[in-house]
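Descriptive analysis of the structure
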Amino acid sequence: MGRVAFIGAGPGAADLITLRGARLLAQADVVLVDALVDPALRELAPGARWIDVGKRGFRRSATQDMINALLVRQAQTGNLVVRLKGGDPSVFGRLDEELAALAQAGIAAEVVPGITAALAAAADTRRPLTRRGRGRSVSLTTAMTRDGTLHASHSADTEVFYMAGRQLGALGRRLAAAGWSGETPVSVVSRAGCADRLHSEHRLADLAQAAMLHNGRPTVVVVGAGATGVMPAHPATTTETAILQPTDHH
Ligand code: SAH
């Protein structure tokens, strides 16, 4: 009987996987990989059999049941099966369903965390998700509910919405209905962590304007305290500037 390691691949660029993830990936016999994972990661496990189960790639429409069954079948043949997921496996990755399928089949599983898109977006834009005194809580929310309707909330100082890329205008209206003011800062980042990432900033009332720019790309929407750029605490004084200059001793 084999085992399954769920590994977070990070948000895009191959070098954002963890060391633990990379080491385990190198031992894999089989890798079941999602659509948003950087193909360059294949170099970390060149000997493994790579199976693309991305909802777009795998026979065009891999259902979750098919993926669960494939995981179980591969592990039963005595392999180390790596389930490589974009970002972090525990964030909007349907990890609960895959863990349940393995538990039911009596197959051991471990989870290696990864960098979720919200964290990559914060790093790319140098906009911390928490701010001392006014950004005390962060929520990760999927904008899309199971039945395909759009959902918004106002429960944390900074809210990061996943899976809203196609409906930014509608998300703006839902956020307003949830009590956010039209002036609330919103930061939109697509393909965070990748070389071709894009960032735009808006007032909530103008969020629809982001739609064209990020069209068709994986996108997170950061709303509230964590959406604003960080300003200098106070302008550098002449003395501070002088200290930063290389001193000439001659
Ligand atoms: N497990 C993943 C999320 C999977 S759900 C994670 O932890 O990041 C897919 C959604 O994640 C996309 O619709 C988008 O909202 C977001 N996403 C994934 N990769 C992204 C990236 N590189 N930049 C911005 N958003 C991304």
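Residues numbered from 1 in each chain as written. Predicted model: local features only at pLDDT ≥ 70, side-chain atom pairs only at ≥ 80, totals over all residues. Heavy atoms only, no water.

**Some words on the domain arrangement of the protein**
Going by this rule: All domain edges in this entry derive from an automatic or database-based domain assignment. Throughout, a contact is declared for two residues whenever any of their heavy atoms are within 4.5 Å. Take the accessible area each of two parts loses on contact, using a 1.4 Å probe, and add the two losses: that sum is the buried area. The working definition used for a salt bridge is a side-chain nitrogen of Lys or Arg within 4 Å of a carboxyl oxygen of Asp or Glu.
When cut into domains, the protein gives domain 1 (3-112) and domain 2 (117-227). Relative to domain 2, the C-alpha centre of domain 1 lies at a distance of 27 Å. Taken together, the contact between domain 1 and domain 2 spans seven residues of the former and eleven residues of the latter. Taken over both partners, the interface formed by domain 1 and domain 2 buries close to 630 Å², and the fraction arising from carbon and sulfur atoms is 78%. On the domain 1 side of the interface with domain 2, the three residues burying the most area are P11, V91 and F92, jointly 67% of the side's total. The tally of links from domain 1 across to domain 2 stands at zero salt bridges.

**Points about the site of the ligand**
So the rule is basically this: In this text, near means that some heavy atom of the residue lies within 4 Å of the molecule or strand in question. Between N or O atoms, a polar contact is any pair within 3.5 Å; within protein, one atom must be a potential hydrogen donor and the other a potential acceptor, and residues adjacent in sequence are included only when both atoms are from side chains. Here the Shrake-Rupley method, with its probe set to 1.4 Å, supplies the accessible areas, and only the displayed protein chains count as covering residues. Residue polarity follows a fixed list, in which Ala, Val, Leu, Ile, Met, Phe, Trp, Tyr, Cys and Pro are nonpolar, Asp, Glu, Lys and Arg are charged, and the others, Gly among them, are polar.
The environment of the ligand is made up of 17 residues, and the closest members are V91, T116, M163, A192 and T219. In the environment of the ligand, an oxygen atom lies 3.0 Å from a nitrogen or oxygen atom belonging to the backbone of A117. Protein contacts shield 88% of the accessible area of the ligand, which totals 550 Å² for the unbound molecule. Across the shell around the ligand, the residue classes break down as eleven nonpolar, four polar and two charged. Looking at the shell around the ligand, you find at least three residues from each of domain 1 (3-112) and domain 2 (117-227).

**What to know about the environment of M1**
The line we're drawing: Each helix is a run of DSSP H or I of at least 4 residues and each strand a run of E of at least 2, with the numbering of both proceeding from the N terminus. Only protein chains enter the calculation, and the probe is 1.4 Å; a residue is then buried if its accessible area is under 20% of its type maximum, exposed if over 50%, and partly exposed in between.
Mapping M1 onto the fold places it in the segment before β1 (3-8). Given the relative accessible area of 65%, M1 is considered exposed. Apart from residues no more than four positions distant in its own chain, M1 is found in contact with A75, Q76, G78, A105, G106 and I107.

**Topic: the sheet that holds strand β3 (residues 49-52)**
Filter applied, for reference: Strands are labelled as partners when DSSP assigns at least two bridges between them. The convention used is that axes are lines fitted to C-alpha atoms, helices contributing only their stretch in contact, and that angles between N-to-C directions extend from 0 to 180 degrees.
Across the sheet, five strands lie side by side as β3-β2-β4-β1-β5; this open sheet has parallel pairing. The open sheet is flanked by β3 and β5 (108-112), the only strands paired with a single partner. In this sheet, adjacent strand axes meet at a mean angle of 20° when their direction is disregarded. Here helix α2 (residues 64-76) sits on the sheet and contacts β1, β2 (30-33), β3 and β4 (80-85); the angle it forms with β4, its principal contact strand, is near 150°.

**Considerations on the pattern of salt bridges**
Oppositely charged side chains are able to pair whenever their charged atoms sit close together. With the rule as written, the count across this model stands at eleven salt bridges. Between R197 and D124 there is a salt bridge, with its nearest N and O atoms 3.2 Å apart. Placement of the pair is R197 in the loop between β8 (185-190) and β9 (198-203) and D124 in helix α4 (residues 117-125), with a sequence separation of 73 residues. With a shortest N-O distance of 2.9 Å, D196 and R191 are connected by a salt bridge. On the basis of relative accessible area, D196 is assigned to the partly exposed category, the value being 36%. Among the residues examined, R191 registers a relative accessible area of 31% and is labelled partly exposed. A cluster of three or more residues bridged by salt bridges with shared partners is formed by D34, R83, K85 and E98.

**Comments concerning the pairing of β1**
Taking burial as the measure, the six residues of β1 include five buried ones, the bulk of the element. In terms of strand pairing, β1 meets β5 through five bridges, oriented parallel. Residue pairing in the sheet places F6 in a bridge with V111 of β5.

**Focus: the side chain of K85**
Residue placement: K85 occurs in strand β4. Judged by its relative accessible area of 2%, K85 falls in the buried class.

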